[in-house]
Amino acid sequence: EYPDLSELHLAYFTYKTIYSKDINAEYSILNQQGNPEKAAGGLSAQNAPVKEDDMPYSQASNSDSEIEAFAAGKTFTRAPVILSETRHLGQIGSESISLVKKAIIENGAVYFHYFHDGSGYNEANNSLYYTGLKGRHAALLVGWDDDFPAENFSPRPSRNGAWLVKNSWGTMRGNEGGYFWMSYDQHTYGGTAFIVERANSRMRHYGYDDLGFCKNFRYSWGANIFRTQTRRETLKEAAFYAPGNSLGYELYVYDVGYTIPDSPVAGNLVSTTKGNVKFAGYHTITLPESISLKEGQYFSVVLKFSGGYMPVETKLPKYSENAEVNERESWFSQDGKNWTDGFTMKCNACIKAYTLTR
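Scope of this entry: the structure provided in the associated data block. The structure displayed is predicted, hence computed values, not measured ones. (Residues numbered from 1 in each chain as written. Predicted model: local features only at pLDDT ≥ 70, side-chain atom pairs only at ≥ 80, totals over all residues. Heavy atoms only, no water.)

**A word on the sheet that holds strand S20 (residues 347-349)**
Here we have three strands laid out as an open sheet, ordered S10-S17-S20, and antiparallel in their pairing. Whereas interior strands pair on both sides, the edge strands pair on one side only; in this sheet they are strand S10 (215-217) and S20. Averaged over all pairs of adjacent strands, the angle between strand axes in this sheet comes to 50°, irrespective of strand direction. When strand S17 (residues 310-314) meets S20, the two strands line up antiparallel, connected through three bridges. Opposite Glu-313, over in S20, you have Asn-348 as the bridge partner. (Pairing = 2+ DSSP bridges. Helix = DSSP H or I, 4+ residues; strand = E, 2+ residues; numbered from the N terminus. Axes fitted to C-alpha atoms, helices over the stretch in contact; angles between N-to-C directions.)

**Some words on the packing of aromatic side chains**
As enumerated under the stated definition, the model contains 18 aromatic pairs in all. On the numbers, 5.3 Å between centres and 55° between planes, the contact of Phe-240 with Tyr-249 is tilted. By the burial criterion, Phe-240 is buried, and Tyr-249 matches it. (Phe/Tyr/Trp six-rings, centres within 6.5 Å; stacked < 30°, edge-to-face > 60°. Buried < 20%, exposed > 50% of the residue type's maximum accessible area, 1.4 Å probe, protein only.)

**Concerning the pattern of salt bridges**
Across all of its chains, the model carries ten salt bridges by this definition. The partner of Glu-106 in a salt bridge is Arg-87, with the nearest N and O atoms 3.7 Å apart. Of this pair, Glu-106 sits in helix H4 (residues 97-107) while Arg-87 sits in strand S1 (residues 81-90); the two residues are 19 residues apart in sequence, bridging distant segments of the chain. Residue Arg-87 is classed as partly exposed on the basis of its relative accessible area, which comes to 21%. Close ionic contact of Asp-262 with Arg-328 constitutes a salt bridge, the shortest N to O distance being 3.1 Å. Within this pair, whereas Asp-262 is found in the loop between strand S13 (247-257) and strand S14 (268-277), its partner Arg-328 is found in the loop between S17 and strand S18 (330-333), the two being separated by 66 residues in sequence. A single network of salt bridges, built from pairs that share partners, joins Glu-85, Arg-87, Lys-102 and Glu-106. (Salt bridge = Lys/Arg side-chain N within 4 Å of Asp/Glu carboxyl O.)

**Focus: the pairing of strand S8 (residues 188-198)**
Bridging between S1 and S8 involves eight bridges; their strand directions are antiparallel. If you follow His-88 over to S8, its bridge partner there is Thr-192. Sheet analysis places strand S2 (residues 110-115) next to S8, joined by three bridges and oriented antiparallel. The residue bridging Tyr-114 from the neighbouring strand is Thr-188, located in S8.

**Observations regarding the sheet that holds strand S19 (residues 339-341)**
As summarised here, the arrangement of the six strands in space is S14-S13-S16-S11-S18-S19, forming an open sheet in which the pairing is antiparallel. Only two strands of the sheet have a single partner each, and these edge strands are S14 and S19. Strand after strand, the sheet turns through a mean of 20° between neighbouring axes, direction not considered. In this sheet, strand S16 (residues 298-305) lies alongside strand S11 (residues 221-227) in antiparallel orientation, the contact comprising seven bridges. Along S16, the bridge assignment pairs Asn-224 with Val-301.

**Quick look at the environment of Leu-30**
Tracing the backbone through its elements, the reader meets Leu-30 in the loop between helix H1 (7-18) and helix H2 (36-44). In this structure Leu-30 comes out as partly exposed when scored by relative accessible area, which is 29%. Considering only alpha carbons, one finds Leu-30 and Thr-192, 162 residues apart in sequence, at a separation of 21 Å. Discounting residues that sit within four places of it in the chain, Leu-30 has contacts with Leu-8, Ala-11, Tyr-12, Ala-60, Asp-64 and Ile-67. (Contact = heavy atoms within 4.5 Å.)

**A few points about H1**
Spanning twelve residues, H1 covers 16 Å between terminal C-alpha atoms, matching the ideal 16 Å at 1.5 Å per step. Among the residues of H1, Leu-8, His-9, Tyr-12, Phe-13, Thr-14, Tyr-15 and Ile-18 are the ones counted as buried. Along its buried surface, H1 packs onto H2 and helix H3 (64-71). (Expected span 1.5 Å × (residues − 1).)

**Concerning the packing of H1 against H3**
Packed helix pairs are specified by the crossing angle of their axes together with the interaxial distance, meaning the distance between the axes. Packing of H1 against H3 leaves a shortest axis separation of 12 Å and a crossing angle of 105°. Taken together, the axes of H1 and H3 lie roughly perpendicular to each other. Facing H1, whose interface residues are Leu-8, Tyr-12, Phe-13 and Lys-16, H3 presents Asp-64, Ile-67, Glu-68 and Ala-71. (Parallel < 35°, antiparallel > 145°, perpendicular 65-115°, else oblique.)

**What about H4?**
Along H4, the residues classified as buried are Ile-97, Val-100, Lys-101, Ala-103 and Ile-104. One side of H4 holds all its buried residues, which, seen down the axis, span an arc of 160°. Of the exposed residues in H4, those oriented more than 90 degrees away from the buried face are Ser-98 and Ile-105. Of the surrounding elements, those touching the buried residues of H4 are S1, S2, strand S5 (136-145), strand S6 (162-166) and S8. Just downstream of H4, Gly-108 is the residue with a positive phi angle, here 100°. (Arc of directions from axis to C-beta.)

**Remarks on the packing of H1 against H2**
Contact geometry for H1 and H2: axes closest at 10 Å, N-to-C directions at 80°. Classified by the interaxial angle, the pair formed by H1 and H2 is roughly perpendicular. For the pair H1 and H2, contact is made by Leu-10, Thr-14, Tyr-15 and Ile-18 and by Lys-38, Ala-39, Gly-42 and Leu-43, respectively. When its residues are assigned to classes, the contact of H1 with H2 shows five nonpolar, two polar and one charged. (Nonpolar A, V, L, I, M, F, W, Y, C, P; charged D, E, K, R; others polar.)

Written out as structure tokens, the structure is:
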């Protein structure tokens, strides 16, 4: 069973709570625009999703004050899913059509950007082919038809074939309930697949990057030191953002005792795992063993990438001014031995840990 998730809750509260300082006062919250990094930041920090019935899309036509009044005092029901992975498929061109098709089959939809202008929409055939390079818009690729006739578009593209697109404007555009056909020749980019898994109600999230991946720093090593919050917990998973495709990683967990250390590798090494990620994006890694933790215990998750870059959360103008950085939480290194406190660099490592309370 797949729960119906509230798009409005994610779109509204990503800005209302996490990115509240980054709101452009000229626009309503639902006109602030978004991207997969912001969505992944909120979802991975367990700020969403909630069920559609709690905050239905029908409220999206209301003003900010009306939406806020609707949500005030409500107890939202968290949907029983959590973000597991995002896969950035890159530019959607001829060479990646089969890759995108595979992602649609396996994951149900692919987020993407395309260049939009109403002049390219053929209402008679519910089809879009726009040859310009302005008007960036986000939607979902949900299917395809390799034999969709080129003559159904105006102007006519060079070949048959079209993506089936689910738009984000409800049913106001498209004769098939908000869906339309878009030529394979359309200028598109930024395909991303979001993958969720069933959540455990006992899961606890540890991380300092609620705003998600903001930029890359030229460091091979990054680490976060966390302190447990409940009497007994079991560390099962760690997560991170990969800055590129086909990257090798090394992941280490240290027990660093009950006093916060001056280095993330100052304790006992309790877990080691190595592997490769095929796609850039957010990835959850199951540790080879479960690690028992007690209340008030410090532990570190240490990550090395083969590519020499580490994704971080940091303050960027008109994007992530709301980022908060504290001393002795995130750490960075070039060699895995000499570490620099992220507080001095004004950034947090995009590394998370997920535990189960017992």
